[in-house]
Amino acid sequence: MAEHESLEFGKADFVLLDNVSMEEFMANLKLRFEKGRIYSYIGEVVVSVNPYRAMNIYGRDTIEQYKGRELYERPPHLFAIADAAYKAMKRRNKDTCIVISGESGAGKTEASKYIMQYIAAITNPNQRAEVERVKNMLLKSNCVLEAFGNAKTNRNDNSSRFGKYMDINFDFKGDPIGGHINNYLLEKSRVIFQQEGERSFHSYYQLLRGAPDSLLRSLHIQKDPTAYNYIKVGGQIKSCINDGADFKAVADAMKVIGFTGDEIQTVYKILATILHLGNLTFGVDGDVTLIENTKLVSVIRELLSTKEENVEKALLYRTVATGRDVIEKQHTAQEASYGRDALAKAMYERLFCWIVGRINDIIEVKNYDARVHGKNTVIGVLDIYGFEIFQNNSFEQFCINYCNEKLQQLFIQLVLKQEQEEYQREGIPWKHIDYFNNQIIVDLVEQQHKGIFSVLDEACMNVGKVTDEVFLQGLNGKLAKHAHYTSRKLSPTDKSLEFDRDFRIRHYAGDVVYSVVGFIDKNKDTLFQDFKRLLYNSSNPVLKGMWPEGKLSITEVTKRPLTAATLFKNSMISLVENLACKEPYYVRCIKPNDVKSPLLFEQERCRHQVEYLGLLENVRVRRAGFAYRQTYPRFLQRYKMISEFTWPNHDLPSDKDAVKRLLQGCGFDHDVAYGKTKVFIRTPRTLFSLEEQRAEMVQRIVLFLQKVWRGTIARMRYRRMRAALIILQAYRRYKVKSYIREVNRRFKNVRSMKDYGRHVKWPTPPKVLPFFLCVRASRWWAWTLIKGLSPEEALQVRAKVASLEALKGQRADLGLQRDGGVVCLCALTVSCGVINEELCVSQINRFHKAEDRAVLITDRHLYKMDPLKQYKPMKSIPLYNVTGVSVSPGKDQLVVFHTKDSRDLVVCLQGMVPANENRIGELVGTLLTMTVVTSFLLFTVLRKPFSVNSACCPHLNPVHLS
């Protein structure tokens, strides 16, 4: 069971349907198709619906999801069935096979390619060159066989017109070491005739549209397919197939597989010969049959590497040996045309069989000794035509439907056998299951002396002219009382059958009407010995090797060759015996519609396919006893969280006891049976209930795990952060200690230095001590300098410090960048305990001209003086009349002294020396010192708060001192 898909996509396993009926089956199949779920299960059978669109479900990521997993662990997929077959082969050392069936266009060929792709992807993990070479050849063989065995039909652009069974051999490690291919019933009639809207085999169109001009000239052919009678019907069709690219891919694949250059050229020559044969026409001149376009004979002679007269003779005459006499009998125009077509069909069939044989020669296991290398195991992949019903069902379709009867019989027998063996192995009572046994139809076809094939062979062996009507009469005589056979003669009122032409067989999948027209000729499959001798006598060794029977003498007596029907019957019996000795896995392909639409699901068409594939019968067999079964350990692993007795681990004697306890706790004990190694659940509802409980518990478990994991991550993150912090702190301590040691070393003897170490360069502080960049003067050095000052000098220093603190952050700059120079403080004197500050400034007079002035501040007055007249006082302002000072924040260096009578003194600091960037810091300090000293003096004299503000000039920065 695929338990990882939501029920919104329908039931992933048809065994779990509530009611086993065709209506329920079709409704579930349609729902899954519409939801994009093209794969479903019936137990261990994969049901595949052709999506008619590219789907991104076959990549490397998907392969990894299915590698080594059980069927029920992932949603239904081809990879799951391929992995199951591979594990059975590798673990249990058993030969397995995968049987792919379905009608044309249902996706069988694509399914087989994906299975091969999966097996190639999961093997040879050690990348051994020889194994890779074998894998590559196995994959490339598909490309070659599709080119020569597939064709575009009205139902499918890449329809396989032959059956294929490939054995892949593995060594004891599970790596592919070789393989073998068997082909069945190539539709060679397609070589000379195709229905409207269909093409001949891909190989013709690839050659004409993809080969270089030089090759086409050497083969005497042109690019236009409509120029050749055998393929002109298909040449008129517009197709999305890229024949040119396919030609190159096939040529490269043949080289990779190991075809030589001469072999590839011979293949092209045979294809060209068949095209030329189709254009040969015959006429009559009296009693003589002639070839009308004789130029083609010389072309055919060149391509076949034989003599021209031998070609013409083989086409127009037949050599007959009667005892010792040899007679050359001339053909009529009709017989010559029949012989030409028979030669074309035989050459293509022989070419195809030779290609298969050549691939087998290259990929077969060589020099393998089981005693040395271990047992050689096999996975077989069968891609064979499906049961089909046409308006005019011919001999080929009769053989195909017989093949499907054989495979269906094997399918039901093996499924029943597997079920019965499993029940017996587990000790579960087995109930007899009624099902349709199609052995009666198989006997109708293949039974000795009474079957249809036997009647057909008898008709072909009759002396004289034997017709298809004679064959039908023989059928009516021997099968008149058979319940599954009828004809118009046996049912005169049945107007759906034509007299002397039709017969009907009631197959397991439905009634099919066959026309006997062509049965005799196709069964005889006559090819005149003259053609075989012609081709054997070719000087081309490759072509010669394809016709070994041509070496027989004309008069040599040989056994009658087996008919086509007998050969096919024998091959089917051998195939079924081969499959029966392997552990089978099945892929049942369904075609949803005839118009290749990815959206259309034709209910009635799909219903017919479900019937003839026996899918509903398969569901009934699986559901006859118990719908679901699983080993105790795996069942417990999936559902143990439901019960407190089994979560997280149980302490019961065995897993079987734990499963019993779990199911009893859920109340399902009445609906299950306990085998020796497996638990069997009768109804799907019980399983769905278990799944619902599991889904609920999984959600709670996930939340718990998320909580635990998030806590774990948080603790891990905390530990990492704490460790990083400890390391960072230790590193910082190391850097600080290193810096302090370096400072101590440099300033070790500063006490004895004249400038107390002022000339010593401070070491660069570490990044963890950025403040050392701006605070370099140590307190010791400052105290050493200050302690030698007089009280008056100490007072001045304190005032400067106070001014710096007061103006800190109040001005962007102090006018030091003004054009024309920088501020220069002219004099600073200390006398009689009174601070005198003289400042050089500029003043704008009433004529708007700048004049130099000096401002002197004493402990009582503020004087404005003229420096040009020996500093003669021009104005005196008592300090008690000064209410504040404003300093401009810009580069204009404006200073305003505010007075009580509003007669403020406005001056502009002027530059006395050129700008010197090295003195900027010193000048700024001096200016600030001057300003704040004035403020401090006023505060001292007046004994009241004093502010340096912007009362009269809003653009000035205020400074307050109290």
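Residues numbered from 1 in each chain as written. Predicted model: local features only at pLDDT ≥ 70, side-chain atom pairs only at ≥ 80, totals over all residues. Heavy atoms only, no water.

An unreviewed UniProt entry lists the protein under the name Unconventional myosin-Id, with Lates calcarifer given as the organism. In its Sequence similarities (unreviewed entry) section, the UniProt entry covering the protein states "Belongs to the TRAFAC class myosin-kinesin ATPase superfamily. Myosin family." (UniProt positions renumbered as here; feature names shortened; annotations may be inferred.)

S.K.: Can you walk me through the overall build of the protein in this structure?
M.R.: From N to C terminus, the protein includes 30 helices and 31 strands. Residue burial in the protein is summarised as follows: out of 962 residues, 50% are buried. By sequence separation, contacts in the protein at least 24 residues apart represent 64% of the contacts at least 6 residues apart. Of the roughly 47,800 Å² that the protein leaves accessible, carbon and sulfur atoms contribute 52%. (Helix = DSSP H or I, 4+ residues; strand = E, 2+ residues; numbered from the N terminus. Buried < 20%, exposed > 50% of the residue type's maximum accessible area, 1.4 Å probe, protein only. Contact = heavy atoms within 4.5 Å. Areas by Shrake-Rupley, 256 points an atom, 1.4 Å probe, with all protein chains shown as cover.)

S.K.: Explanation requested: a nonpolar patch on the surface in the structure shown.
M.R.: Taken together, the side chains of Tyr 756, Trp 783, Leu 785, Ile 786, Leu 789, Val 797 and Val 801 define a hydrophobic patch exposed on the protein surface, amounting to about 590 Å² of accessible area. Taken together, the elements giving at least two residues each to the nonpolar patch come down to helix H28 (779-786) and helix H29 (791-806). Counting residues per element, the nonpolar patch draws most heavily on H28, at 3 residues. The topology assignment puts Ile 786 in helix H28. Exposure remark for Ile 786: the relative accessible area of 35% places this residue in the partly exposed category. (Patch = residues over 30% accessible without salt bridge, like charges linked within 9 Å, V, L, I, M, F, W, Y side chains within 5 Å. Salt bridge = Lys/Arg side-chain N within 4 Å of Asp/Glu carboxyl O.)

S.K.: Honestly, the sheet that holds strand E13 (residues 485-487) in this entry has me stumped. Any pointers?
M.R.: Backbone-to-backbone hydrogen bonds pair the strands of a sheet. The strands run either parallel or antiparallel. Taken in spatial order, the 3 strands line up as E13-E14-E15 in an open sheet, and their pairing is antiparallel. With partners counted over all chains shown, the strands left at the sheet margins are E13 and strand E15 (510-515), one partner each. Strand after strand, the sheet turns through a mean of 25 degrees between neighbouring axes, direction not considered. The sheet contact formed by E13 and strand E14 (residues 502-507) spans 3 bridges and is antiparallel. Its bridge partner being in E14, Ser 487 is matched across the sheet by Phe 503. (Pairing = 2+ DSSP bridges. Axes fitted to C-alpha atoms, helices over the stretch in contact; angles between N-to-C directions.)

S.K.: Sorry if this is basic, but what is going on with the packing of aromatic side chains here?
M.R.: Given two aromatic rings, one states the distance between the centres and the angle between the planes to describe the pair. This structure, assessed with the given rule, holds 26 aromatic pairs. Seen in terms of ring centroids, Phe 398 and Phe 519 are 6.0 Å apart; in terms of plane orientation they differ by 55 degrees. Their pairing is tilted. Linking Phe 398 in helix H15 (residues 395-426) with Phe 519 in helix H19 (residues 519-524), this pair joins segments that are 121 residues apart in sequence. Each member of the pair Phe 398 and Phe 519 is classed as buried. Note on Phe 635 and Tyr 639: the rings are 4.8 Å apart at their centroids and 50 degrees apart in plane angle, and the pair reads as tilted. Taken together, the positions of Phe 635 and Tyr 639, both in helix H25 (residues 632-639) and 4 residues apart, correspond to about one turn of that helix. (Phe/Tyr/Trp six-rings, centres within 6.5 Å; stacked < 30°, edge-to-face > 60°.)

S.K.: Can you walk me through the sheet that holds strand E7 (residues 176-184) in this structure?
M.R.: In space, the 7 strands of this open sheet follow the order E1-E2-E16-E3-E12-E6-E7, with mixed pairing throughout. Pairing within the sheet leaves two strands with one partner each, and these edge strands are strand E1 (39-42) and E7. On average, each strand axis in the sheet is inclined to that of its neighbour by 20 degrees, with strand direction left out of account. With 5 bridges joining them, strand E3 (residues 96-101) and strand E12 (residues 377-383) adopt parallel strand pairing. By the bridge assignment, Val 99 is partnered in E12 with Leu 382. Lying over the sheet, helix H5 (residues 129-149) contacts strand E6 (163-170) and E7, oriented at roughly 20 degrees with respect to E7.

S.K.: What should I look at first to understand the environment of Gly 357 in this one?
M.R.: Mapped onto the secondary structure, Gly 357 falls in helix H13 (residues 333-363). Classification of Gly 357 by relative accessible area gives partly exposed; the value is 24%. In sequence terms Gly 357 and Asn 183 are 174 residues apart; their C-alpha atoms lie 9.8 Å from each other.

S.K.: Looking at this structure, I do not really get the pattern of salt bridges. What am I missing?
M.R.: Should their charged atoms come close, side chains of opposite charge can pair. Counting across every chain of the model gives 43 salt bridges. Between Glu 23 and Arg 607 there is a salt bridge, with the nearest N and O atoms lying 3.9 Å from each other. In this pair, Glu 23 sits in helix H1 (residues 22-34) while Arg 607 sits in helix H23 (residues 603-612), placing the two residues 584 residues apart along the sequence. Between Glu 335 and Lys 329 there is a salt bridge, and its shortest N-O distance comes to 3.7 Å. Residue classification places Glu 335 among the partly exposed residues on the basis of a relative accessible area of 30%. For Lys 329, a relative accessible area of 42% corresponds to the partly exposed category. Three or more residues joined by partner-sharing salt bridges are found here, namely Glu 103, Lys 591, Asp 594, Glu 602 and Arg 605.

S.K.: Would you explain helix H18 (residues 468-478) in this entry?
M.R.: Owing to its 3.6 residues per turn, the α-helix aligns residues three or four sequence positions apart on the same side. Looking at H18, one finds that the buried residues are Asp 468, Phe 471, Leu 472, Leu 475 and Asn 476. Along the long axis of H18, the arc covered by the buried residues comes to 140 degrees, so they all point the same way. Structurally, H18 contributes buried residues whose contacts are with helix H17 (452-461), E13, E14 and H19. (Arc of directions from axis to C-beta.)

S.K.: What should I look at first to understand the environment of Val 698 in this one?
M.R.: Examined against the element boundaries, Val 698 turns out to sit in helix H27 (residues 684-746). The partly exposed category is assigned to Val 698, whose relative accessible area is 27%.

S.K.: How should the side chain of Ser 203 be read in this particular structure?
M.R.: Structurally, Ser 203 can be placed in helix H6 (residues 202-210). Of the polar contacts made by the side chain of Ser 203, one reaches the side chain of Tyr 348; its length is 3.0 Å. What Ser 203 contacts, discounting residues up to four positions off in sequence, is Ala 147, Phe 148, Leu 271 and Tyr 348. (Polar contact = N/O pair within 3.5 Å; in protein donor to acceptor, adjacent residues only side chain to side chain.)

S.K.: What's the story with the UniProt feature "binding site: ATP" (unreviewed entry) in the protein in this structure? I'm lost.
M.R.: Under the UniProt annotation, "binding site: ATP" (unreviewed entry) lies at Gly 102, Glu 103, Ser 104, Gly 105, Ala 106, Gly 107, Lys 108 and Thr 109. Along the polypeptide, Gly 102 turns up in the loop between E3 and helix H4 (108-122). Not counting the four nearest positions on each side in its chain, Gly 102 is found in contact with Lys 108, Ile 384, Tyr 385, Gly 386, Cys 589, Tyr 612 and Leu 613. Here Gly 105 lies in the loop between E3 and H4.

S.K.: When you look at a positive patch on the surface in this model, what are you seeing that I'm missing?
M.R.: Taken together, the side chains of Arg 715, Arg 717, Arg 719 and Arg 720 define a basic patch exposed on the protein surface. As for its position among the elements, Arg 720 is in helix H27. (Lys, Arg positive; Asp, Glu negative; His and termini not counted. Charge placed at Lys NZ, Arg CZ, Asp CG, Glu CD.)

S.K.: Can you help me understand the pairing of E15 in this one?
M.R.: Side-chain positions along a regular strand alternate between the two faces of the sheet. Pairing of E14 with E15 involves 6 bridges; the strand directions are antiparallel. Looking at the pairing, Asp 502 lines up with Ser 515 of E15. Hairpin connection of E14 to E15: 2 residues between the antiparallel strands.

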